[in-house]
Amino acid sequence: MRRSPLAALVLTALLLVTPGAAQAAAPDRAAVPDRAAVPDRVGEAVAALAGVRTAGTAWGFDPATGRMTLTVDDTVTAAEVATLRTVADRAGALLRREPGTLRTLIAAGQGIYGGGARCSLGANVRSGSTYYVITAGHCTAAAGTWYADSAQATVVGTRTATSYPGNDYGLIRYTSRIAHPSAIYTYPGLLAVNSYGNAYVGQAVCRSGVTTGVRCGTVTALNQTVNYAGGSVSGLIRTNICAEPGDSGGPLYVASTGVILGILSGGSGNCTSGGVSYYQPISEVLAAYGLTLP
């Protein structure tokens, strides 16, 4: 069916953004349990724990106990622990200490930066003993060297391949010792990537990206072609999930199984009023470059 002129105008060509143009993201409601779907006590705990900003802490819902949990690492001082215990008690949450130090990891869905642009990591993959990042091709086209932070102090690696337009995927080869687990960052927490698969219409899916965190919905169409200002991209998965600038390259996945399906190419709308998004199938990328999941 021919796209109407209005639809063509509202289509977001690329979900790539320069840090200076990015607006501060609102707290991501999808990063915590839906208050309507959990007992009131969990919703109250979420409200209390959302204010915790102490470095070396983490919090979230623990299915094993059915309670919210506030975790502290070895860098949290005794005085800080005492304060946090008060917060946990007020929230009805468990306070748990875990050995070691919470540190930055580059997992799928987290931000990567290069050439003044910000995108999201799609998947950590490898060819033999060489490890790569898969992200959107319109992202890798923007820069040769990519970093884990907007200050560009921590190098991720260098671009080794770009396929855009036509397709929308690219590779960045890790050149640093930064940890790169086969996992998706779920704002907060990590979901292990167990395998990859092919999407089907009606499938329940989620995506993760640095701008808007985790958002979920369903697959609404396959094999879609999108005409961006930079060219056409075909064979895409369409969903009713919103996305915004900077989310490009992030993973589309099945939350219940850890199966990754694709990486974000583009979309229209936003996460305030709603929108749709399109994804490059991950199986095509793996086959094109002879890659496997770690």
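Residues numbered from 1 in each chain as written. Predicted model: local features only at pLDDT ≥ 70, side-chain atom pairs only at ≥ 80, totals over all residues. Heavy atoms only, no water.

Asker: If you had to explain the overall build of the protein chain to someone new, which residues and values would you point to?
Answerer: Check the secondary structure of the protein chain and you find five helices and 20 strands. Taking all 294 residues of the protein chain together, 47% fall into the buried category. Nonlocal contacts in the protein chain, meaning residues at least 24 apart in sequence, comprise 61% of its contacts between residues at least 6 apart. Accessible surface for the protein chain amounts to roughly 13,500 Å². Of this, 52% is attributable to carbon and sulfur atoms. (Helix = DSSP H or I, 4+ residues; strand = E, 2+ residues; numbered from the N terminus. Buried < 20%, exposed > 50% of the residue type's maximum accessible area, 1.4 Å probe, protein only. Contact = heavy atoms within 4.5 Å. Areas by Shrake-Rupley, 256 points an atom, 1.4 Å probe, with all protein chains shown as cover.)

Asker: Which residues make up the confidence of the model for the protein chain, and what values go with them?
Answerer: With 81% of its residues at a pLDDT of 70 or more, the protein chain shows a mean pLDDT of 82. Below a pLDDT of 50 lies the segment residues 1-15, which in the model reaches 30 contacts outside its immediate sequence neighbourhood of four places, other chains included. For the stretch residues 17-39, pLDDT sits under 50, and the model shows 31 contacts to residues farther than four places along the chain or on other chains. (pLDDT = per-residue confidence, 0-100.)

Asker: Outline the side chain of Asn124, listing residues and values.
Answerer: Locating Asn124 in the fold gives a position in strand β7 (residues 123-127). Here the side chain of Asn124 touches Tyr174 through a polar contact of 2.5 Å, side chain to side chain. Among the polar contacts listed, one links the side chain of Asn124 to the backbone oxygen of Pro181, at a separation of 2.8 Å. (Polar contact = N/O pair within 3.5 Å; in protein donor to acceptor, adjacent residues only side chain to side chain.)

Asker: So what's going on with the nonpolar core? Residues and values would help.
Answerer: Ranked by internal contacts, the top residues of the largest apolar core, which has 34 residues, are Ile112, Val125, Val133, Ile134, Val156, Ile282 and Leu291. Mapped onto this core, the elements with two or more residues apiece are β7, β8 (130-135), β10 (155-163), β11 (169-174), β19 (259-270) and α5 (282-289). (Core = buried A, V, L, I, M, F, W, Y, C linked by side-chain atoms within 4.5 Å.)

Asker: Go over unusual backbone geometry, please, and point to the residues and values.
Answerer: Across the junction of Tyr164 and Pro165, the peptide omega takes the value -5 degrees, indicating a cis bond. Mapped onto the secondary structure, Pro165 falls in the loop between β10 and β11. The step from Tyr187 to Pro188 runs through a cis peptide bond, and the omega angle for that step is 0 degrees. Mapped onto the elements of the fold, Pro188 is located in the loop between β12 (183-185) and β13 (190-192). The residue Gln152 is not glycine, and still its phi comes out positive at about 55 degrees. Examined against the element boundaries, Gln152 turns out to sit in the loop between β9 (145-147) and β10. With phi around 55 degrees, Tyr187 is a residue other than glycine that occupies positive phi space. Position of Tyr187 relative to the elements: it lies in the loop between β12 and β13.

Asker: For the environment of Val219, give the residues involved together with the corresponding values.
Answerer: Summarising the element assignment, Val219 is placed in strand β16 (residues 213-228). Put simply, Val219 and Gln203 are 16 residues apart on the chain and 5.3 Å apart in space, counted from C-alpha to C-alpha. If we ignore the near neighbours within four places in the chain, the residues touching Val219 are Ala199, Tyr200, Val201, Gly202, Gln203, Val205, Ile237, Arg238 and Thr239.

Asker: Describe in detail the pairing of strand β18 (residues 251-254), supporting the description with residues and values.
Answerer: Of the two faces of β18, the one carrying Pro251 and Tyr253 and the one carrying Leu252 and Val254 are both buried. Across two bridges, the pairing between strand β15 (residues 204-209) and β18 is antiparallel. Within β18, the residue paired with Cys206 across the bridge is Tyr253. Across four bridges, the pairing between β18 and β19 is antiparallel. (Pairing = 2+ DSSP bridges.)

Asker: Go over the pattern of salt bridges, please, and point to the residues and values.
Answerer: Taken as a whole, this structure holds two salt bridges when the rule is applied. We note a salt bridge from Asp74 to Arg97, for which the minimum N-O separation is 4.0 Å. With Asp74 in the loop between β3 (67-72) and α3 (78-91) and Arg97 in strand β4 (residues 94-97), this residue pair connects regions lying 23 residues apart in the sequence. Using a relative accessible area of 46% as the deciding quantity, one classes Asp74 as partly exposed. Between Arg207 and Asp247 there is a salt bridge, and its shortest N-O distance comes to 3.3 Å. Of the two residues, Arg207 is situated in strand β15 and Asp247 in the loop between β17 (231-239) and β18; the sequence distance between them amounts to 40 residues. (Salt bridge = Lys/Arg side-chain N within 4 Å of Asp/Glu carboxyl O.)

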